[in-house]
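Understanding the architecture of this molecule
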Amino acid sequence: MLLLRVTLVAAALSAFAVAPAAAQATPAAAQAAPPDAATAFAERSALLHAMQRCPLLSDEELTALAAGAAQARSALLRGGWTQTRIEALRSRAIVAVDARACTDPALRQSAAQAQAGFVAWSRLPGMHFPGEVAAWRAARAPDADGWYLRQEGRFGSILGVREGEDGPVVAFAAPLTANSPEPAFGILSFRDAARAPQSLIGVPGRDGQGLAAVSASPAMARQTWAQERSVVVTEDGRRLAILAFPVNAFDGVEALDPREAIEVRLGRTVGETGARLYFEVGDLVAARAFLAVQPTP
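Worth saying up front: this structure is predicted, and the values here are computed from it rather than measured.

Reading guide: rules and limits
- Residues numbered from 1 in each chain as written.
- Predicted model: local features only at pLDDT ≥ 70, side-chain atom pairs only at ≥ 80, totals over all residues.
- Heavy atoms only, no water.
- Disulfide = S-S within 2.5 Å.
- Helix = DSSP H or I, 4+ residues; strand = E, 2+ residues; numbered from the N terminus.
- Buried < 20%, exposed > 50% of the residue type's maximum accessible area, 1.4 Å probe, protein only.
- Salt bridge = Lys/Arg side-chain N within 4 Å of Asp/Glu carboxyl O.
- Axes fitted to C-alpha atoms, helices over the stretch in contact; angles between N-to-C directions.
- Left-handed = near helix turned anticlockwise from the far one by under 90°.
- Contact = heavy atoms within 4.5 Å.
- Nonpolar A, V, L, I, M, F, W, Y, C, P; charged D, E, K, R; others polar.
- Core = buried A, V, L, I, M, F, W, Y, C linked by side-chain atoms within 4.5 Å.
- Pairing = 2+ DSSP bridges.
- Polar contact = N/O pair within 3.5 Å; in protein donor to acceptor, adjacent residues only side chain to side chain.

Two cysteines whose sulfur atoms are joined by a covalent bond form what is called a disulfide. By the definition in use, this model includes 1 disulfide. Between the sulfur atoms of Cys 54 and its disulfide partner Cys 102 the distance amounts to 1.9 Å. In this structure the cystine formed by Cys 54 and Cys 102 twists about its S-S bond by roughly -80 degrees; its chirality is therefore left-handed. Note that Cys 54 is positioned in the loop between helix H3 (37–50) and helix H4 (59–78) and Cys 102 in the loop between helix H5 (83–98) and helix H6 (105–122), a separation of 48 residues in sequence. On the accessibility criterion, Cys 54 (0% relative accessible area) is buried. Judged by its relative accessible area of 26%, Cys 102 falls in the partly exposed class.

This next bit is on the pattern of salt bridges. Counted under the stated rule, the structure contains 12 salt bridges. The closest approach of N and O atoms between Arg 238 and Asp 236, which form a salt bridge, is 3.3 Å. A relative accessible area of 33% places Arg 238 in the partly exposed class. Among the ionic pairs, Asp 257 bridges to Arg 259, the shortest N-O distance being 2.8 Å. Both residues of the pair, Asp 257 and Arg 259, count as buried. Salt bridges sharing common partners tie together Arg 137, Asp 143, Arg 150 and Glu 152.

Moving on, we get to the packing of H3 against H4. Contact geometry for H3 and H4: axes closest at 8 Å, N-to-C directions at 145 degrees. In this structure, the crossing between H3 and H4 has a hand that is left-handed. When H3 is examined against H4, the residues Ala 37, Ala 38, Ala 40, Phe 41, Arg 44, Leu 47 and Leu 48 are found in contact with a partner set consisting of Leu 62, Leu 65, Ala 66, Gly 68, Ala 69, Ala 72, Arg 73, Ala 75 and Leu 76. When its residues are assigned to classes, the contact of H3 with H4 shows 13 nonpolar, 1 polar and 2 charged.

Of all hydrophobic cores here, the largest spans 35 residues; its most connected members are Trp 136, Leu 159, Phe 172, Phe 250 and Ile 262. Here this core gets 5 residues from one element, more than from any other, and that element is helix H7 (residues 284–292). Membership of the second largest hydrophobic core comes to 24 residues, among which are Ala 46, Leu 47, Leu 89 and Val 97.

Taken together, 4 strands build an open sheet; the order of strands is S7-S6-S10-S11 and the sheet is antiparallel. Both edges of this open sheet fall to strand S7 (221–225) and strand S11 (275–280), since each of them pairs with a single strand only. Neighbouring strand axes in the sheet, compared pairwise and without regard to direction, differ in orientation by 20 degrees on average. Examined bridge by bridge, strand S10 (residues 261–267) and S11 share 6 bridges and lie antiparallel to one another. Opposite Arg 265, over in S11, you have Arg 276 as the bridge partner.

Once that is clear, we can look at the side chain of Arg 162. Looking at where Arg 162 falls in the secondary structure, it is placed in strand S4 (residues 158–164). With residues up to four places along the chain from it excluded, the contact list for Arg 162 reads Asp 145, Gly 146, Trp 147, Tyr 148, Gly 167, Pro 168, Val 169, Ala 171, Val 232 and Ile 242.

Now for the side chain of Glu 263. Following the sequence through the fold, Glu 263 ends up in strand S10. Within the local environment of Glu 263, its side chain forms a polar contact with the side chain of Arg 276, the two groups lying 3.1 Å apart. Within the local environment of Glu 263, its side chain forms a polar contact with the side chain of Tyr 278, the two groups lying 3.3 Å apart. Dropping the residues within four chain positions of it, Glu 263 is found in contact with Ile 187, Leu 188, Ser 189, Ser 215, Arg 276, Leu 277 and Tyr 278.

Below, the structure is given as structure tokens:
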């Protein structure tokens, strides 16, 4: 339940008069989530809203601030908060900050602290984004096997962002034995919030049943087919089948609950059921934002 180690908004929550909003969470939810998650979410949401009329931060600084808000939201959801309660907290924070002029000292101080925090955050070479059952690892320079972003799944599989021939691509990797055939196709899918606006978390019969239970059916999923296939040999001598998807294959995950699943389906012929592997959405939004910002010298 990692929030950004660098605090982007350090001003006291009381400066925006939203402390009572955080206190209105149920005791169980407040205890389950990190104690500073509600504060962080309210602060960052308020400042993001204020910057729509007060251009005190650059686009990259806003990207970093949004990443922090996304992580705080994820922490609250994993801690038992409902989306309704989170939106109510955000609404109260926005109402409070709307009463502040762009010249307000507290608002300008928060923006200045966000800028200072951004400089430190932008210099980090990598970050670890733990989820409920899995984690994303992000690095601004690719690792020895070409990965910028990766989550490890079952059987040594990997999903993430990898260096391709023409730049970064969303990629899936599966280890190959001497006798295992290469997959002929791969499909990456997750819930399409436009067609299926309700989160799969909390649906009767799904909670507590693993990632497969919170993966979207084809009828409610956004599906992307792999465009390229290849085999690579890692530094330690393993052979990996690599399936490359378009770089925008993860677009749409920002609307998901971080506890939902991304599914990768593999097969040798289009009509077969094929193997299915599952990865946690987690803090993918924040990890992608981290990669989108160029490191500060």
